[in-house]
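Understanding the architecture of this molecule
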Amino acid sequence: VASLTAAGRYNEALPYAERALAVADSNAAVRSRNNGAELSNLAQLIFWAGRYPEAEALATRAVAALEVRYGSTTHHTIADPLRILGDSLRAQNRTSRAIEVHQRARSIVEKPVGSNDADLADILGSLGLDYLDAGRRDEALALLNRALSLATSSRRRLCLARVKFALATALGRQSKDAAQALVYAQGARAIFQERQMIDQKREVDALLAQLHTLLRD
């Protein structure tokens, strides 16, 4: 699963992740060690497949499992399934709840590593998208620009694509920023193409068409 995911072959990784979770769920020895990691991995792949209610349920299970494993609600491993949970909530138009979840993930990561650590990139990108959906554009841009810097320096290419797409979406809402939005959208599209993320590339293509129209007018 890890090697396929790293190579951007998410559709191929998905059945293996589902099988890994099924094995973990059916094996008492594995269950006793906790299957939070398998749940989180599958939740991410399910989210990328656009199956948001399922991703929400799996991420919720992953958070609960990791809280039990580490006996803490603030262990750093909980932050990633929280990010996935928040993303799934936002995708279902539950933006206020998504903000709450992502703020919790942010506080978990910031406490042990500091506010400038690159591990914040994904979470800040997600929170920026929440704020954008909530109509808080200035706050969204501040978070997304910071996430862009962190993602660029840490070579988190998928996060970089997500952040560039979000910035393109935010900037593309005002004609004066459309040229910069186009640059970000093209950058996001290249990474999604590289990772063979067809649905995400389709979203960027739709945005690019809007931006080209805006720039012609």
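We now turn to the structure provided with this report. (Residues numbered from 1 in each chain as written. Predicted model: local features only at pLDDT ≥ 70, side-chain atom pairs only at ≥ 80, totals over all residues. Heavy atoms only, no water.)

Moving on, we come to the overall build of the protein. A tally of regular secondary structure across the protein gives 12 helices and zero strands. Sequence-ordered secondary structure for the protein, helices as α and strands as β, is α-α-α-α-α-α-α-α-α-α-α-α. With 217 residues in all, the protein has 47% of them scored as buried. Intrachain contacts of the protein at a sequence separation of at least 6 include 58% that bridge at least 24 residues. For the protein, the exposed area adds up to about 10500 Å²; of that, 50% sits on carbon and sulfur atoms. (Helix = DSSP H or I, 4+ residues; strand = E, 2+ residues; numbered from the N terminus. Buried < 20%, exposed > 50% of the residue type's maximum accessible area, 1.4 Å probe, protein only. Contact = heavy atoms within 4.5 Å. Areas by Shrake-Rupley, 256 points an atom, 1.4 Å probe, with all protein chains shown as cover.)

In this section: the environment of Tyr52. Here Tyr52 is to be found in helix α5 (residues 52-70). Here Tyr52 falls in the partly exposed class, since its relative accessible area comes to 27%. Residues Tyr52 and Ser88, spaced 36 residues apart in sequence, show a C-alpha to C-alpha distance of 5.2 Å. For Tyr52, the residues in contact, after removing those within four places along its chain, are Phe47, Ser88, Ala91 and Gln92.

What follows deals with the packing of helix α10 (residues 157-171) against helix α12 (residues 198-216). Packing of α10 against α12 brings their axes to within 11 Å, and their N-to-C directions diverge by 30°. Classed by the angle they form, the pair α10 and α12 counts as roughly parallel. For the crossing formed where α10 meets α12, the hand is left-handed. Of α12, the residues touching α10 (which contributes Phe165, Ala168 and Thr169) are Glu203, Val204 and Leu207. Taken together, the residues of the contact of α10 with α12 break down into four nonpolar, one polar and one charged. (Axes fitted to C-alpha atoms, helices over the stretch in contact; angles between N-to-C directions. Parallel < 35°, antiparallel > 145°, perpendicular 65-115°, else oblique. Left-handed = near helix turned anticlockwise from the far one by under 90°. Nonpolar A, V, L, I, M, F, W, Y, C, P; charged D, E, K, R; others polar.)

Here we take up the layout of surface pockets. For the second largest pocket, the calculated volume is near 650 Å³. Along the walls of the second largest pocket sit 23 residues, with Phe47, Arg90, Leu129, Phe165 and Glu203 positioned nearest its centre. For the lining of the second largest pocket, the secondary-structure elements that each account for two or more residues are α4 (36-48), α6 (79-91), α8 (120-133), α10 and α12. Here the element with the most residues in the lining of the second largest pocket is α10; it accounts for five residues. Considered class by class, the residues forming the lining of the second largest pocket number 13 nonpolar, three polar and seven charged. (1 Å grid on protein atoms, 1.4 Å probe; cavity = no way out; pocket = protein on both sides within 12 Å on 5 of 7 lines; lining within 4 Å. Points joined across faces, edges and corners; volume = space filled by probe spheres on them.)

The nonpolar side chains of a soluble globular protein tend to be buried with one another. Of all hydrophobic cores here, the largest spans 66 residues; its most connected members are Leu82, Val163, Leu167, Ala185, Phe192, Val204 and Leu211. The greatest single-element share of this core, amounting to 11 residues, is contributed by α10. Other than its neighbours up to four places away in sequence, Leu167 contacts Leu141, Leu144, Asn145, Leu148 and Tyr184. (Core = buried A, V, L, I, M, F, W, Y, C linked by side-chain atoms within 4.5 Å.)

The next thing to look at is the side chain of Arg83. Topologically, Arg83 is positioned in helix α6. Take Arg83: its relative accessible area is 7%, and that puts it in the buried class. At 3.0 Å, the side chain of Arg83 and the side chain of Asp80 are in polar contact. (Polar contact = N/O pair within 3.5 Å; in protein donor to acceptor, adjacent residues only side chain to side chain.)

Under the counting rule described, the total for this entry stands at 19 salt bridges. The salt bridge partner of Arg162 is Asp87, with a shortest N-O separation of 3.5 Å. Linking Arg162 in helix α10 with Asp87 in helix α6, this pair joins segments that are 75 residues apart in sequence. Residue Arg162 shares its accessibility class with Asp87, and that shared class is buried. A salt bridge links Glu194 to Arg195, with the nearest nitrogen and oxygen atoms 3.8 Å apart. Taking relative accessible area as the criterion, Glu194 reaches 41% and is therefore assigned partly exposed. Residues joined in a network through salt bridges with shared partners are Asp80, Arg83, Asp87, Arg90, Asp122, Asp130 and Arg162. (Salt bridge = Lys/Arg side-chain N within 4 Å of Asp/Glu carboxyl O.)

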